[in-house]
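Chain by chain, the residues run as shown.
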Amino acid sequence: MDLRLDGLNVALDGVRIVHDLTLDVPSGSVVGLLGPNGSGKTTALRAVYRALSPESGAILVDGADLWAMHRRDAARTVAALTQQHHTYLDFTVAEIVAMGRHPHHPRGGRLSPDELALCRDAMARVDVAHLADRGALTLSGGEMQRVLLARALVQEPRILVLDEPTNHLDLRHQLGLLSLIAAADVTVLVVLHDLNLAAAVCDRIAVLQGGALAAVGTPHEVLTAELLREVFGVDAEIVPHPHTGRPQVLLGLPTSSPMEGIPK
Amino acid sequence: MPRLDARAHPETIRRAGRTLRVGLVAIGLAALLVASALVAIGAGPASIAPADTAGYLWAALTGGTIPADEVSRYQIIWQIRTPRVLLAAVVGAGLGAMGVAVQAMVRNALAEPYLLGVSAGAATGAVSVGVWGGLGALGIYAVSTGAFLGGLVACAVVYLAAARASVLSPLRLVLVGVAMSFAFQAATSVIVYFAPNAEAASTVLFWTMGGFGAASWATLPVVAVAVAAGIAILAFRAGRLDVLSLGDEAAASLGVDTGRELRWLLVLTSVVTGAMVAVSGAIGFVGLVVPHLIRIWVGASHARVLAVAPLAGALLMVWIDLASRTLVAPREIPVGAVTALIGVPVFVYMLRRRAYLFGGS
């Protein structure tokens, strides 16, 4: 399913955070959203999973306006892995994952055997099957992150938006998670901070600066020394990965006054 | 695979088979509740055996006959004690369920049904009617109606003060609710202080400590219907309460509008709690402690918690009311004092348990 952010303007408490953002995420592709802190990445995503309504512009899924849909239909179309992890009650992992079926079961009730199998399968795919009966509040940050991804998968979305999904994860699970979303039969819009992981997993990369689009294209086109200097304020070497040929960003510590020139 | 983990985390064993158990727990509690009600109806200055109590109740319900020399005992059972015990059960059930709802609504472990100002507003309403009159057309129900309306006004004020633009945050609801409770308490104090008679002070005492002494067949059905409808609606929407407690962002991504959920929960808990406070005053701790105890027992899922919490609340309240009217008979200890005496140690014990977590604290 195609996702298109069309002239999107989003404000928080009257302050416009995202400015006129137009971005295409073609069906089945993985598009990475990069940018320094405060550049509007999370705010843009929140409009896509309907936590924050846009001031103007639209979010189109196969041409249909996502915000004109019924909430439940929108939640069957778009699933999200958000940065907010906190649960307030000590649900078991299996219960949290099963809540991914909520948009399909608005009246509650028992899950069908097929749905239970779907939940078990999702937990196995993100390597949390062994935690099924654990209380969610006893999990580590990385375990919780994987549980929440399982919940998003159980939603059976056509579009998956992920906000820094590799946070808290160890290296093995970072790579596991990214290869899982790359292989999944969904359209993916993902915010990442690790440029090398972004280069490895994304078909296209969009860079935000001050809430507006600074660059968009393939990892080769976007991840250049000039862009990193201009947008992130760092000097970097870009080299091709010896096996995949994808761009890799090599960073060294700056030689003088490190905090100078960091965009406010 | 879960077996391996069970060894590492003993808590896992406790959670196993929870779904099966919840039915058994509910049936067991219901049976205990019926038995306790019979005992409680029989107990008092004129003690009557449970079998005789059952006989009188049967006669009342089926229109049977009572020997002439037993009529006064029958009157005590049917006209005084039965409505009182039933009211205790209804209010206990309501407080248990509304406690669950308010805790889910504001996502706070310390939340209880009076958090958003219902009881403070009810006291103000009751005292206002008592001192200044008004609602005279309602006769003996004027003060109760004043309490109910006062509770609703307090909640409306809390809502209007907490809502900003389209956003209604749980934390702001709590803060405004606590602040408004103080404001209404202050208003009540001022009214009582300048009241021409001493009656106002005892009215306030009743509404802040609570009690079932005023129970009658006339008021019971209204509260019972409000509580039953409230619990049914909550149980019907248990899945949404689950999603709500995952937080705003997750709820939005699962198609639940948290603002709308908060609004209907606020209306529902205010109306049901207001109806309870109007007839029995503000009885503390039951609405706070019962939801936590039940979650320790059956887990966090609202479908399970709401199946058990009303029964547990009702059972607890029947015994607390019995204690309040028999321990120092012929005097009564205010029910609110008994619930606090029992509730505080239970709550402290609960917070010291490491296996029970709420909000990660």
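Residues numbered from 1 in each chain as written. Chains lettered and ligands numbered in written order. Predicted model: local features only at pLDDT ≥ 70, side-chain atom pairs only at ≥ 80, totals over all residues. Heavy atoms only, no water.

A. Seen up close, the environment of Arg21(B). Residues and elements named next belong to chain B. Note that Arg21 resides in helix 3 (residues 18-42). When its relative accessible area of 28% is taken as the criterion, Arg21 is described as partly exposed. Taking the C-alpha atoms as reference, Arg21 lies 39 Å from Phe206; in sequence the two are 185 residues apart. (Helix = DSSP H or I, 4+ residues; strand = E, 2+ residues; numbered from the N terminus. Buried < 20%, exposed > 50% of the residue type's maximum accessible area, 1.4 Å probe, protein only.)

B. Structural detail: the sheet that holds strand 3 (residues 30-34) of chain A. Residues and elements named next belong to chain A. Strands sit in the order 6-7-8-3-9-10 across an open sheet of 6 strands; the sheet is mixed. Sheet topology places strand 6 (78-81) and strand 10 (212-217) at the edges, where each strand pairs with a single neighbour. Averaged over all neighbouring strand pairs, the angle between strand axes comes to 15°, with direction disregarded. Two strands pair when backbone bridges link them, and strand 7 (residues 159-163) and strand 8 (residues 187-191) are joined in this way by 5 bridges, in the parallel orientation. Across the sheet, the residue bridging to Leu162 is Val190, located in strand 8. On the sheet, helix 1 (residues 41-48) packs against strand 3, strand 6, strand 7, strand 8 and strand 9 (204-209) and is oriented at approximately 150° with respect to strand 7. (Pairing = 2+ DSSP bridges. Axes fitted to C-alpha atoms, helices over the stretch in contact; angles between N-to-C directions. Contact = heavy atoms within 4.5 Å.)

C. A look at the packing of aromatic side chains. The tally for this structure, following the rule as stated, stands at 4 aromatic pairs over all chains. Pairing Trp78(B) with Trp217(B) gives two aromatic rings, centres 4.7 Å apart and planes at 35°, and the pair type is tilted. Here Trp78(B) is found in helix 5 (residues 71-106), whereas its partner Trp217(B) is found in the loop between helix 9 (199-209) and helix 10 (220-236), with 139 residues between them in sequence. Trp78(B) sits in the buried class, given a relative accessible area of 16%. Ring geometry for Tyr193(B) versus Phe194(B): centroids 5.2 Å apart, planes at 90°, classification edge-to-face. On the basis of relative accessibility, which here comes to 66%, the residue Tyr193(B) falls in the exposed class. Among the residues examined, Phe194(B) registers a relative accessible area of 65% and is labelled exposed. One cation-aromatic arrangement involves Arg50(A) over Trp67(A); the distance from NZ or CZ to the ring centre is 4.7 Å. (Phe/Tyr/Trp six-rings, centres within 6.5 Å; stacked < 30°, edge-to-face > 60°. Lys NZ or Arg CZ within 6 Å of the ring centre and 35° of its normal.)

D. Region of the structure containing the confidence of the model for chain B. All names here are of chain B. Here chain B averages 85 in pLDDT, and 90% of its residues register 70 or above. Taken element by element, chain B is modelled with least confidence in helix 1 (residues 2-8), mean pLDDT 36, and with most confidence in helix 10, mean pLDDT 95. Confidence drops under a pLDDT of 50 for residues 1-16, and excluding neighbours within four residues, the segment shows 19 contacts in the predicted structure. (pLDDT = per-residue confidence, 0-100.)

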